[in-house]
Structures are given as structure tokens and as C-alpha cells.
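Working through the structure, step by step
Chain residues, written in single-letter form:
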Amino acid sequence: MTQSPTDPSQARIFVLEDDPEVARLICMSLGEYGFRCEQMRAGRQLLERARQVAPDLCIVDLGLPDMDGMQVVRELQDGSPCAVLILTGRNDVTDRVLGLELGADDYIVKPFEPRELVARVRSILRRYQRAASAEPAGERNTARFAGWTFDANRHALVAPDGREVSLSAAEAGLLATLLRRPNKILSREQLLGERDVDPFDRSIDVRISRLRRKLDDDPQNPRLIKTVYGAGYLFSVQVEWA
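Note that the coordinates shown come from a computational prediction; the quantities given were computed from them, not determined experimentally. (Residues numbered from 1 in each chain as written. Predicted model: local features only at pLDDT ≥ 70, side-chain atom pairs only at ≥ 80, totals over all residues. Heavy atoms only, no water.)

1. Structural notes on the confidence of the model for the protein chain
Condition: You can read pLDDT as the predictor saying how much it trusts each residue, on a scale of 0 to 100. Here a residue-residue contact requires only that any non-hydrogen atoms of the pair lie within 4.5 Å.
In this model, the protein chain carries a mean pLDDT of 85, and residues with pLDDT of at least 70 account for 87%. Per-residue pLDDT stays below 50 along residues 1-6; that stretch engages in 18 contacts with residues further than four places along the chain or on separate chains.

So, in C-alpha cells, the structure goes:
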């Protein structure tokens, strides 16, 4: 992902939407707040453009003419990790959870209120900006814990056996937040970087579950990321930054 600009409104946003009217509404709404938008109508077009110029955030419609939107999210996170907001007309919880599982940061359902779309985009970008500004000063950007190594600058996670584990931008940001405050209970609000979190919002829970799997952390008896019921999550091993 590109380094977050000091002013989130200067972020580069790719809009993947095959309906020209909806795309126009999105770009116009974001443009009023200074966001730089590029519009694409096909998934392959966005993936190719993302390889050329790294976006700060992609808005991805799930219903596309050339490929499934979920596949676009998957390939984005594998090749050009960045923040992702899913745009969907499918009012199906399963689709939303799957999108979060694949590394998306948030979702919004059509029809949507333009102000809500702008608010969600700004919220995601602020979250990434805070994560970037919280990185350890100087050379302290590599964390070691329980045999694992995590490079916060490159979002690179290396297992004890030496294999590199792929992380989405959202997963890397969450892991960095946990690693910077080990052995402290962090609420869902703190992990999301938001003051008010819908009690039915499962984005952090889904991301924690996915992160546990990548860390080989048994979800039934986790030793790294522990659930503190009613309070949040706790990273329960010693972390050394170098």
C-alpha cells in the first residue's frame, strides 16, 4: 500500500463500478472532499492499474461484467495490498463476512447515502494514517515474537520455519496494533481506531479469526491472541522491536 498522505483527502482512490451513474455519483461525492478518483469498469482493468500505480484505497463493486468482485479483492491483497471498501447490492451477511475474510476493511450496501460513503472512506484512511504514524521511530520497525518476525514497513510476516505468510493490508495493520501494545487488553474500538462501533459490526472479529489462522493460533485455545470476553482482545506473548 502507498504511504498514507498527511491529509487523507489527498489519497488516491480507485473506483471499480460498471454502472456509469453509480460511478459518477461516487467520484463526484469524493471529489467534493478533494479525493483523487480513477474510475474502472472491469476487474482486470483495476488490477492492471494497481500494478502500475499503488492506490491508497479501492472501492470494489461485487457485481462486475468480467469477474467476481470477491476475486478482485483476493488478487488485490495478494499482489497490491491496499485498503478496500466493498460496494454491494447483495444484502447478504455471508457476502459481507467473506469480503472481510478476504481482507476488505469495510462494506457499504446499495443504495447508499453519499455522505455515508465519504464518512466510511475517511474513516478507513484515518485508520491507516494512525497506524503509519504509530510505527516505532528510527530503525525499530521489526517485531519478533514466539519465533515469528513481522516487518511493519513491508507488511511481511515470517513464520518460525522461515516461510513468508501473506497478509492483507487490513490484517497487517491489525497485527501491528496488537504488537505495539502486547499484554494489554484492546477494545474493538481501539483496534478499529473508531470511537463508536456498531455492536453488530463483525469486521474485527472476522479479521482476528483470519489472523489467528495465519499465525497457526488454535482458535479454540489461542496462545497468541486471546479473547477477553466483554472487553476485547489481548496479545499475550512478549514482543521485541528492533
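2. Side note on the sheet that holds strand 12 (residues 232-235)
Rules: Paired strands, in this sense, are two strands between which DSSP finds at least two bridges. Per the convention used, a helix needs a DSSP run of H or I reaching at least four residues, while a strand needs a run of E reaching at least two, with both numbered from the N terminus. Working convention: axes come from line fits to C-alpha atoms, limited for helices to the stretch in contact. Angles between N-to-C directions cover 0 to 180 degrees.
If you walk across this open sheet you meet the three strands as 10-12-11, and the pairing is antiparallel. Because the sheet does not close on itself, it has two edges, and the strands there are strand 10 (185-186) and strand 11 (225-228). Pairing of strand 10 with strand 12 involves two bridges; the strand directions are antiparallel. Paired with leucine 186 across the bridge in strand 12 is tyrosine 233. Helix 6 (residues 169-180) contacts strand 10, strand 11 and strand 12 of the sheet and is inclined by roughly 70° relative to strand 12. On top of the sheet, helix 8 (residues 203-214) reaches strand 11 and strand 12; it is set at about 150° to strand 11, its chief contact.

3. As for the pairing of strand 5 (residues 106-109)
How we decide: Each residue is assigned to one of three classes by its accessible area relative to the maximum for its type, calculated with a 1.4 Å probe on protein chains only: buried under 20%, partly exposed between the two thresholds, exposed over 50%.
Residues Asp106 and Ile108 point to one face of strand 5 and are all buried, whereas Tyr107 and Val109, pointing to the other face, are not buried. Of the pairings in the sheet, the one linking strand 4 (residues 83-88) to strand 5 comprises four bridges and is parallel in character. Bridge assignment links leucine 85 to a residue of strand 5, and that residue is aspartate 106.

4. Notes on the sheet that holds strand 1 (residues 12-16)
Judged by pairing direction, the sheet is parallel, and its five strands sit side by side in the order 2-1-3-4-5 without closing on themselves. The two strands at the open ends of the sheet, each matched to only one other strand, are strand 2 (36-40) and strand 5. For this sheet the average axis-to-axis angle between neighbouring strands, irrespective of direction, equals 20°. With four bridges joining them, strand 1 and strand 3 (residues 57-61) adopt parallel strand pairing. Across the sheet, residue leucine 16 finds its bridge partner in strand 3, namely valine 60. In the packing of helix 2 (residues 43-52) onto the sheet, the strands contacted are strand 1, strand 2 and strand 3, and the crossing angle to strand 1 comes to about 160°. Lying on the sheet, helix 3 (residues 69-79) is in contact with strand 1, strand 3 and strand 4; it crosses strand 3 at an angle near 160°.

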